[in-house]
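Secondary and tertiary structure notes
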Amino acid sequence: MKTVGLVGKIVMAAIVVIGLVLALLMGIKGEILAEAVNPNASADGSWTGVIITFTICAFGLGILGLLVDFLLGLNLKTWIIVVAIVAFTAFLYLVMADGTPMKLVGYEGTDNQSPWLEIADTGIFLFYTSAGLAVISILYSEIRQLFR
């Protein structure tokens, strides 16, 4: 766990340093930097795309780090449950979801196609399964309370 913390601190420091360097270059040498990347550009904000891309990447790395930290802190029982849920969802997507296009009168959009319909089918099957398991657990709990 100490290694993960050390790697996290190093990555965080690198992101902060890169962000500060980009901010300083944007503020102080924005025109020179814009011309170095694109000789035909002026300091009209065309360099802002690099800052936005860096921000999105830093945000993604932060989310990834959060997930890794969370997953490394789980015990074996929780890992088994997470793997079972992922496997069941994959089974629903690969086997149960067929992605048959729906006949929608007057709809000409692009969302009535196989990948989106398979994702929707998987979501519906997950909802039905969750609702069924909730009803079963409520019934089990009530029946168990009767015999205590």
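Below is a summary of the structure that appears in this document. Fair warning: this is a prediction, and the values are worked out from it, not measured in the lab. (Residues numbered from 1 in each chain as written. Predicted model: local features only at pLDDT ≥ 70, side-chain atom pairs only at ≥ 80, totals over all residues. Heavy atoms only, no water.)

Let's talk about the overall build of the protein chain
The number of helices and strands found in the protein chain is five helices and zero strands. What you see in the protein chain, going N to C, is helices and strands ordered as α-α-α-α-α. When burial is assessed residue by residue, the protein chain has 12% of its 148 residues classed as buried. For the protein chain, restricting intrachain contacts to residue pairs at least 6 apart in sequence, the fraction spanning at least 24 positions comes to 48%. (Helix = DSSP H or I, 4+ residues; strand = E, 2+ residues; numbered from the N terminus. Buried < 20%, exposed > 50% of the residue type's maximum accessible area, 1.4 Å probe, protein only. Contact = heavy atoms within 4.5 Å.)

Description of the packing of aromatic side chains
In total, this model carries one aromatic pair according to the counting rule given. Residues Phe127 and Tyr128 carry aromatic rings whose centres are separated by 6.1 Å and whose planes lie at 55° to one another, so their mutual orientation is tilted. We classify Phe127 as exposed; its relative accessible area is 55%. Judged by its relative accessible area of 53%, Tyr128 is exposed. (Phe/Tyr/Trp six-rings, centres within 6.5 Å; stacked < 30°, edge-to-face > 60°.)

Re a nonpolar patch on the surface
The grouping of Phe59, Ile63, Leu66, Leu67, Phe70, Leu71, Leu76, Trp79, Ile80 and Val83 at the surface amounts to a nonpolar patch, some 1000 Å² of accessible area in total. Sorting the residues of the nonpolar patch by element identifies α3 (48–72) and α4 (76–96) as the ones contributing at least two each. Here the nonpolar patch takes six residues from α3, the largest share from any one element. Structurally, the position occupied by Leu76 is in helix α4. (Patch = residues over 30% accessible without salt bridge, like charges linked within 9 Å, V, L, I, M, F, W, Y side chains within 5 Å. Areas by Shrake-Rupley, 256 points an atom, 1.4 Å probe, with all protein chains shown as cover. Salt bridge = Lys/Arg side-chain N within 4 Å of Asp/Glu carboxyl O.)

Overview of the side chain of Thr122
Mapped onto the secondary structure, Thr122 falls in helix α5 (residues 114–146). For Thr122, a relative accessible area of 6% corresponds to the buried category. Look past the residues within four positions of Thr122 in its chain and what remains in contact with it is Thr89, Leu92, Tyr93 and Ala97.

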